[in-house]
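# Observations on the three-dimensional arrangement
In case you want the letters, here they are:
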Amino acid sequence: MTPALAVVLVLAVQKPVVVASKPFAESYVLAEAFAQVLEDAGFVVDRRPGLGATEIAFGALRAGDIDVYPEYTGTGLLAILHEDAIPDARATYRRVASEFARRWDVHWLAPLGFENTYAMAVRPQTAERYGLRSLSDLGRASPQLVAGLTPDFIGRPDGLPALERTYGFRPRAVRSLLPSVKYAAVAAGAVDVIDGYSTDGLIARHGLAVLEDDLGLFPPYEAAALVSARLVHELPAAALALSRLSGRLDVRTMRSLNRRVEVDGEDVRVVARDALRELGIVASSARVETAPRAGGGIAAYLWTHRADTARQLGRHLLLVAISMACALLFAIPLGLALERWRAGAESAVRVTGILQTIPSIALLAFMIPLLGIGILPALVALFLYSLYPIVRSTYSGVRDAAPDAVAAAHALGMTGGQLLRHVRLPLAAPVIMAGVRTAAVINVGTATLAAFVGAGGLGEPIVAGLALSDARMILAGALPAAALAIVVDLALGAVERAVRPAR
Amino acid sequence: MSALRAEGVTRRFGDVVALDGVTLQVEPEECVALVGESGSGKTTLLGCFNRLTVPESGRITVLGDDVAAVDPVRLRRRVGYVPQDGGLLPHWTVERNVALVPWLLGRSDGPKRAAEALDLVGLSAATFGARYPSALSGGQRQRVAIARAVAAHPGVLLMDEPFGALDAITRFELQRAFAELRRRIRATVVLVTHDLREAFLLADRVAVFRAGRIEQLSTPELLQREPATPYVRRLLETAGV
């Protein structure tokens, strides 16, 4: 057997190695580096970048839906094991490595070589005005400052609470900001101080000053590949290939890679390839396919990426169509049944309403252990979010449809089924359709979150664009999604007019 | 044999006794008016005849059948019914509304029956058949509701305050139209009304209801001449008849 044939056979029978990342730039860069190292070693790779949050990425790894993603030892200790911070980086690594293997058969490869930690950043003019050089200075000046902090930082015991305790940090106000907007917020002066990571490229992009942690509060955390049981037990060669990165990325290298992605807007694939070549980890002849970078505005960008957009639009439509079809088949009969059974109706409708209030990221995270990642949890989430408007409108529409006419038709000998089919449903149809329209438009918008569980769709460029601070990429998902919402609304509006009975 | 019979019929709603052992017989092609205040039990008794109301005790027969023993849907298709508000289906044309019961009975002559029935209430099928109820006046709607009730030639016609929601002139016109209709069809009629004048004008006999019982049942003439109780006397005085 020739080597080439052997490779083909291996590729044909092998389930791809699934490489994932969390939705921020450094995670994208590291995951892409993992993917290229694996491809260089002959493995087929399935990329799932931008998984919603720690719970979703780690949940997917535990469930065996993904094989590897970059994680930080501190996050493993505090956010996953829920233990107290350990000030020493090596001790932290040892703790998570042994606990993850013991509890879940999930494994930390040797650290990549750079430490990352929280970095409080301010604008230079803020630093000058209040004389801020260290976190002790920040603590002193904090009553005059407004802090813009990520929800993660506000909640983690080694975040805001620790900052309060150690440095007396008590800002005038704390605003909760998503990672993707905090830099813009501080640069615009909307907040005075933000939490970042020491390796963030955006700190340099916005010319922010990082304050020195003079009392050594934030323990340094190491980044490492977190790999699944399958990879370790069934594909040890893949784990071995990934470990070639261990100890090779120092903090300067990582910061410069992040800057190239976040500040210079370079393609993640190119940045990862260059880094791997420079480090001599992959041969310099290795090729990566990258889309040519489009100059100019959003129109040119969309045109360059039209094939991607079409694929994402197709997937988006699929998600919306299947989840809406299931929601209609379930919610309309439910609404009709509730109208027959009024005693429990309001409570039942309210339950579907409560579903609506569950934050989508939380709902998706709940479902990972049951459904894994990919299209299934996305469909279930979209289905659940579509129920309320349809159940409510069906129930109310049928209940309130011409009660006098219904009573008279009943008295003249219409059966319950005939009343429903010929009187109540036709008269309620416009109201029901209004609910269906509402549900469909919400569904098109919510389906962008499917990207957080690797289900694709127009959320893919939105999530990636937010993580990589690339406005055109965000618009490449947001504009088609908005257009789709309008088209869906218009189409269902036409259906609504068609089903509206003459009277 | 009586067309309609109620024997010792009792019905309570919670603590309220709506019907308290009522007995009433209506002869074929007779029109009996049930008169009384709100809550006196007249509408409850009307509903017993097409099983919209199920008595707790007592027996109801319609055209010889015990209503408890027959399929209520088939019973209702044999009994015409006119509610106070018309109750026309707003998304059906006048013709389709009037042809409702023939259609429910699976008959193919609905349009013809509808045209005849509209003619009986003084409306032209050519003019009104294709209209929707929203394009009719209140009086026209009530005429259509009466046409719908008689389109399948039911032996029994139940009317629940059919002219109660109309202005005085329209009501007078419809009362005349109804009297004319009765001359042309052969139906036993029970008419619920709170208007004693209307009862005297349209009915062969009048039953005065009070607190779930029939206070007096007689012809209009006898009722006026010999009120049986002080309540009936007072009712006559209030009505000014």
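Keep in mind that this is a model prediction, so the values were computed, not measured.

Now for the overall build of chain B. Within chain B, the regular secondary structure consists of eleven helices and ten strands. Whereas a compact globule of 241 residues would reach a radius of gyration of roughly 18 Å, chain B reaches 18 Å, a difference of no more than 12%. Expressed along its principal axes, the backbone C-alpha trace of chain B runs to roughly 50 × 40 × 35 Å. In chain B, which comprises 241 residues, the share counted as buried stands at 46%. Expressed as a percentage of contacts within chain B between residues at least 6 apart in sequence, the contacts between residues at least 24 apart total 68%.

Residues and elements named next belong to chain A. Counting 195 residues, the largest nonpolar core has Phe34, Leu38 and Leu242 as the members making the most contacts within it. Here this core gets twelve residues from one element, more than from any other, and that element is helix α20 (residues 375–399). Core analysis: the next-biggest nonpolar cluster, separate from the first, contains 28 residues, Tyr118, Val186, Val191 and Ile194 among them.

Residue and element names in this part refer to chain A. With five of five residues buried, strand β6 (residues 118–122) lies mostly within the body of the structure. Residues Tyr118, Met120 and Val122 point to one face of β6 and Ala119 and Ala121 to the other, with burial holding for every one of them. Here five bridges tie β6 to strand β9 (residues 193–197), and the two strands are oriented antiparallel to one another. Residue pairing across strands places Tyr118 opposite Tyr197, the latter belonging to β9. As paired elements, β6 and strand β10 (residues 209–210) share two bridges and run antiparallel to each other. When the bridges of β10 are listed, Ala121 appears paired with Val210.

A few words on the environment of Leu215 of chain A. All names here are of chain A. With respect to the helices and strands, the residue Leu215 is situated in the loop between β10 and β11 (221–227). Owing to 12 C-beta atoms within 10 Å, Leu215 belongs among the exposed residues under this scheme. Spatially, the C-alpha atoms of Leu215 and Pro87 are 12 Å apart, while their sequence positions differ by 128 residues. In contact with Leu215, other than residues within four places in its own chain, are Leu135, Ser136, Thr166 and Tyr167.

Okay, the interface of chain A and chain B next. Counting from both sides, the interface comprises 17 residues of chain A and, opposite them, 18 residues of chain B. Those elements that provide at least two residues to the side of chain A that touches chain B are α21 (403–411) and α22 (416–446) of chain A. In terms of residues, the side of chain A that touches chain B owes the most to one element, α21 of chain A, which gives six residues. Of the residues in the side of chain A that touches chain B, the class split is 13 nonpolar, two polar and two charged.

Turning next to the sheet that holds strand β7 (residues 146–149) of chain A. Residues and elements named next belong to chain A. A sheet is described by the order of its strands in space; here five strands give the open sequence β8-β7-β9-β6-β10, paired in mixed fashion. Both edges of this open sheet fall to β8 (173–176) and β10, since each of them pairs with a single strand only. Here helix α10 (residues 179–187) sits on the sheet and contacts β6, β7 and β9; the angle it forms with β7, its principal contact strand, is near 155 degrees.

Looking now at the sheet that holds strand β8 (residues 188–193) of chain B. Residues and elements named next belong to chain B. Across the sheet, six strands lie side by side as β6-β7-β8-β3-β9-β10; this open sheet has mixed pairing. Each of the sheet's edge strands pairs with one partner strand only, and the pair in question is β6 (79–82) and β10 (213–218). Put simply, the sheet's adjacent strands are angled 15 degrees from each other on average, direction ignored. Sheet analysis places strand β9 (residues 205–210) next to β10, joined by five bridges and oriented antiparallel. When the bridges of β10 are listed, Arg210 appears paired with Arg213.

All right, on to helix α7 (residues 138–150) of chain B then. All names here are of chain B. Helix length check: α7 (13 residues) gives 19 Å between terminal C-alpha atoms against 18 Å at 1.5 Å per residue, within 8%. Burial runs high along α7: eleven of the 13 residues are buried. The secondary structure elements touched by the buried residues of α7 are β6, α3 (94–98), α4 (100–104), α5 (110–120), β7 (156–160) and α8 (168–184).

This part is about unusual backbone geometry. Residues and elements named next belong to chain B. A positive phi angle is found at Glu29, which is not glycine, with a value near 65 degrees. Among the secondary structure elements, Glu29 is positioned in the loop between β2 (16–26) and β3 (31–35). Here Glu29 falls in the partly exposed class, since 14 other C-beta atoms lie within 10 Å of it. A positive phi angle is found at His153, which is not glycine, with a value near 55 degrees. Position of His153 relative to the elements: it lies in the loop between α7 and β7.

This part takes up the packing of helix α17 (residues 306–340) of chain A against helix α24 (residues 471–499) of chain A. All names here are of chain A. It is the contact of α17 with α24, at a shortest axis distance of 11 Å, that shows an interaxial angle of 45 degrees. Of the possible angle classes, the one that applies to α17 and α24 is oblique. Crossing of α17 against α24: the hand is right-handed. Between α17, through Thr309, Gln312, Leu313 and His316, and α24, the contact on the second element is made entirely by Ala476, Gly477, Pro480, Ala481 and Leu484. Of the residues assigned to the contact of α17 with α24, the class counts are five nonpolar, four polar and no charged.

Rules used throughout
Residues numbered from 1 in each chain as written. Chains lettered and ligands numbered in written order. Predicted model: local features only at pLDDT ≥ 70, side-chain atom pairs only at ≥ 80, totals over all residues. Helix = DSSP H or I, 4+ residues; strand = E, 2+ residues; numbered from the N terminus. Rg over C-alpha atoms; globule rule 2.2 N^0.38 Å. Buried ≥ 20, exposed ≤ 12 C-beta atoms within 10 Å, placed from the backbone. Contact = placed C-beta atoms within 7 Å. Core = buried A, V, L, I, M, F, W, Y, C linked by C-beta atoms within 7 Å. Pairing = 2+ DSSP bridges. Nonpolar A, V, L, I, M, F, W, Y, C, P; charged D, E, K, R; others polar. Axes fitted to C-alpha atoms, helices over the stretch in contact; angles between N-to-C directions. Expected span 1.5 Å × (residues − 1). Parallel < 35°, antiparallel > 145°, perpendicular 65-115°, else oblique. Left-handed = near helix turned anticlockwise from the far one by under 90°.

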